[in-house]
Amino acid sequence: MSTIRLTMAQAVARFLTAQKTEIDGTSLPLFGGVWAIFGHGNVAGMGEALHGVRDQLPTYRAHNEQGMAHAAIAFAKTSRRRRMMACTTSIGPGATNMVTAAAVAHVNRLPVLLLPGDVFANRRPDPVLQQIESFSDGTVSANDCFRPVSRYFDRITRPEQIIPALQRSMTVLTDPAECGPVTLALCQDTQTEAYDYPESFFADKIWIPRRIRPDETELAEAADLVRNAKKPFIVAGGGVLYSNAEKVLADFAQTHGLFVGETQAGKSSIPHDHPACLGAIGVTGTGAANALAEEADVVIAVGTRLQDFTTGSWALFKDPKRRIVGLNVQAFDATKHNAVPLVADARVGLEELSQALGGWKAPEAWTARARDEKARWFESAARYTDPTNAELPSDAQVIGAVQRTSSPTDVVVCAAGGLPGELHKHWKASTALGYHMEYGYSCMGYEIAGGLGVKMADPSREVIVMVGDGSYLMMNSELATSVMLGQKLTVVLLDNRGYGCINRLQRATGGESFNNLLQHTNHVTLPEIDFAAHAASLGAQAIKAKGIGELEDALKKARSAERSTVIVIDTDPLASTDAGGHWWDVAVPEVSVRDQVKTARKNYEDALGAQRVGD
Ligand SMILES: Cc1ncc(C[n+]2csc(CCOP(=O)(O)OP(=O)(O)O)c2C)c(N)n1
Ligand SMILES: [Mg+2]
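Residues numbered from 1 in each chain as written. Chains lettered and ligands numbered in written order. Predicted model: local features only at pLDDT ≥ 70, side-chain atom pairs only at ≥ 80, totals over all residues. Heavy atoms only, no water.

Q: Please explain the layout of surface pockets as it appears in this structure.
A: Rolling a probe over the atoms, with the probe sized like a water molecule, indicates the empty space that remains. In this structure, the largest pocket encloses a volume near 1,100 Å³. What lines the largest pocket is a set of 43 residues, among which Phe 309, Cys 501, Arg 504, Leu 505 and Trp 584 lie closest to the centre. Only helix H17 (419–426), helix H19 (469–474), helix H21 (500–508) and helix H24 (595–608) provide two or more residues apiece to the lining of the largest pocket. Its residues assigned to classes, the lining of the largest pocket comprises 19 nonpolar, 18 polar and six charged. There is about 450 Å³ of room inside the second largest pocket. (1 Å grid on protein atoms, 1.4 Å probe; cavity = no way out; pocket = protein on both sides within 12 Å on 5 of 7 lines; lining within 4 Å. Points joined across faces, edges and corners; volume = space filled by probe spheres on them. Helix = DSSP H or I, 4+ residues; strand = E, 2+ residues; numbered from the N terminus. Nonpolar A, V, L, I, M, F, W, Y, C, P; charged D, E, K, R; others polar.)

As structure tokens, then:
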């Protein structure tokens, strides 16, 4: 066996360069790059190794470890999980800064390889700078925080351990059902230790996601259920996009006279103007999709985790006899709420289900009903996004301006605040992946870093990041990275001077406005933040737009700019779209001195009556 003597870190770097994928017949590196913030614990080991492969595997420097991991996650999502990135950090705070991002990837089932540095395996210099020191367990380090938010976790304390660890990592990262974050905690001394690695370990390997075909019995049962449905309805989740199943989904719906409601992750899996598309479903859904979902007797859930925003906290589907067909690559999701599981890749699952259904079509009265609901929704919803002269426009009015100046191939990126709900209802996504919403973890601060990852994965598309003032303040540092890397973003920053959506939620649950909008906080000086000046200081072009007219002009300017542009607009913190939507379970205090809370509790208890526990 021929071997090559390398440090463990050099072996990691070399192994990553050998992993490939094939997209549309073209071979590409599986890893689009490595994000790195160096410190002690990775600069000498991983730093030296990455420098050695810099021509095959680029290293990118970010400004915040969480931000760089968000960029990596968005890169994987935009690549439909067919490509990914790695992230390396120092030990201690550099490492734990990535834990939140690991959770984002875990919830959203997105592959990312996290390589935090770790304490010395030989323990000679203990305790080292940033070592947390457990009093009761000598094997614990700060990196153990990654365990619950990693699909695979390992700590590398000997150089040869990296061989099985990387092989297992690749299995998880490329498995459509298992995929998520992988954490390999790399002890700093081990990174630098040499070993005679077999040459075969570094042979090129092509990873093509497997497409799992349905089991015959499950397929027969699912087809039987759908064939006997009077009011069937499809819920499309992110799995449709990861499986490249958009066309098959649209054909499936048309062939069988079915209609589609989209989850946050599934939005853009069917064009908004496709006759079968009823738009968003659930808590932030359209009136059309929710009206059909309420009555549906068979829900065909395709590639969705069925989280509470989709199911209206399990109160949306109201037919007492309704059943769910769970078409999902992951059995954990396929069997939720007593669903009839159809464990399969979304694309082949829909193809085979369609074959099994043959010429079957949903009853005409039901499809006519869906068409009416859709027409009614689009007529009534348009007024929320129409142009306005208001000094403080609503989020929906800003969305209207962005939509009017956008092109069908643009990608809108968002994650937290009031915007996700408004975008889910109102954004008209024309092309697949044109809507990039991180609403699994809804992590404030994902937006700009995520936008950067989207742009790096697909530089051909204009990327428009929509972000609230709260999220922007929480994490904006990768704006500087976008300027540095020449990865142009247009950031629309909606400044309503606080946590607008949480203030509204607080009021809706009977609370007094408290600690959300800046004016309702403990303060000596009310902050008046000049976001445009801030963005300009990071190197971006910055424009303050007064009202919708100026916003549209600024958006046109940003489109033709080469550099990232931040457009700041003041908005109304109180306005939101009241049409559409569905109840969401947010627990209200059982006792309170406030009458408003008592009333809210009474309404809450009434609403709980509609919730279907487990069924
Ligand atoms: C990291 C993180 N912390 C807290 C929250 C809870 N949260 C959700 S939205 C929100 C306020 C967001 O404020 P802003 O970005 O200004 O948007 P707005 O609500 O004003 O539309 C908060 C605190 C979260 N989702 N993520
Ligand atoms: Mg805000």
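Q: Explanation requested: the coordination of the magnesium ion (ligand 2) in the structure shown.
A: Each pair of donors in an ideal octahedron of six around a metal sits at 90 or 180 degrees, and each pair in an ideal tetrahedron of four sits at 109.5 degrees. Taken together, the protein ligands of the magnesium ion (ligand 2) are Asp 469 (OD), Asn 496 (OD1) and Gly 498 (O), with distances of 2.0 Å. Along the chain, the residues that donate to the magnesium ion (ligand 2) are spaced as D-x26-N-x1-G. One end of the pair, Asp 469, is in helix H19; the other, Gly 498, is in the loop between strand S21 (490–495) and H21, and 29 residues separate them in sequence. (Donors = N, O, S within 2.8 Å, 3.2 Å for Na, K, Ca; no water.)

Q: Quick question: what am I supposed to make of the site of ligand 1 here?
A: In the neighbourhood of ligand 1, 15 residues make up the surrounding shell, with Ser 442, Asp 469, Gly 470, Asn 496 and Cys 501 lying closest. At 2.8 Å from an oxygen atom of ligand 1 is found a main-chain nitrogen or oxygen belonging to Gly 500. When ligand 1 is considered free in solution it has 580 Å² of accessible area, and contact with the protein chains removes 77% of it. When atoms are counted within 2 Å of each cavity's grid points, the one that captures over half of ligand 1 is the largest pocket. The leading source of residues in the shell around ligand 1 is H19, at four residues. (Near = heavy atom within 4 Å. Polar contact = N/O pair within 3.5 Å; in protein donor to acceptor, adjacent residues only side chain to side chain. Areas by Shrake-Rupley, 256 points an atom, 1.4 Å probe, with all protein chains shown as cover. Sits in = over half its atoms within 2 Å of the grid points.)

Q: Please clarify how the side chain of Glu 478 should be interpreted in this entry.
A: Locating Glu 478 in the fold gives a position in helix H20 (residues 478–484). Look at Glu 478: it is buried, it has no salt bridge, and the nearest opposite charge is Arg 61 at 7.2 Å. Among the polar contacts listed, one links the side chain of Glu 478 to the backbone nitrogen of Asn 64, at a separation of 3.0 Å. In this structure, Glu 478 is in contact with Ala 62, His 63, Asn 64, Gly 67, Met 68, Ile 448, Ala 449 and Leu 452, ignoring residues within four places of it in sequence. (Buried < 20%, exposed > 50% of the residue type's maximum accessible area, 1.4 Å probe, protein only. Lys, Arg positive; Asp, Glu negative; His and termini not counted. Salt bridge = Lys/Arg side-chain N within 4 Å of Asp/Glu carboxyl O. Contact = heavy atoms within 4.5 Å.)

Q: I keep staring at the sheet that holds strand S23 (residues 565–570) and nothing clicks. Help me out?
A: Strand pairing in a sheet takes place through backbone hydrogen bonds and is either antiparallel or parallel in direction. Taken together, the six strands give an open sheet; going across it, the order is S19-S18-S20-S21-S23-S22, and neighbouring strands pair in parallel fashion. Of all strands in the sheet, those with a lone pairing partner are strand S19 (435–437) and strand S22 (541–545), marking the two edges. The mean inter-strand angle of the sheet, taken between neighbouring strand axes irrespective of direction, is 20°. In the sheet, S21 pairs with S23 via six bridges, with the strands oriented parallel. (Pairing = 2+ DSSP bridges. Axes fitted to C-alpha atoms, helices over the stretch in contact; angles between N-to-C directions.)

Q: Explain the pattern of salt bridges to me, please; I cannot follow it from the model alone.
A: Throughout the structure, instances matching the rule amount to 31 salt bridges. In this structure, the salt-bridge partner of Glu 246 is Arg 80, at a minimum N-O distance of 2.7 Å. Placement of the pair is Glu 246 in helix H10 (residues 246–256) and Arg 80 in the loop between helix H3 (65–78) and strand S6 (84–89), with a sequence separation of 166 residues. Here the two residues Glu 246 and Arg 80 agree in accessibility, since each one is buried. Between Glu 364 and Arg 371 there is a salt bridge whose closest N-O contact spans 2.9 Å.

Q: In this structure, what is going on with the sheet that holds strand S3 (residues 26–29)? I would like to understand it.
A: The three strands are arranged S3-S2-S11 in an open sheet whose pairing can be described as mixed. This sheet does not close on itself; its edge strands, each paired only once, are S3 and strand S11 (205–207). Within the sheet, the average angular offset between the axes of one strand and its neighbour, ignoring direction, is 40°. When strand S2 (residues 19–23) meets S11, the two strands line up parallel, connected through three bridges. Looking at S11, one finds that Gln 19 is bridged to Lys 205. Helix-sheet contacts for helix H1 (residues 8–18) involve S2 and S11, and the interaxial angle to S2 is about 20°.

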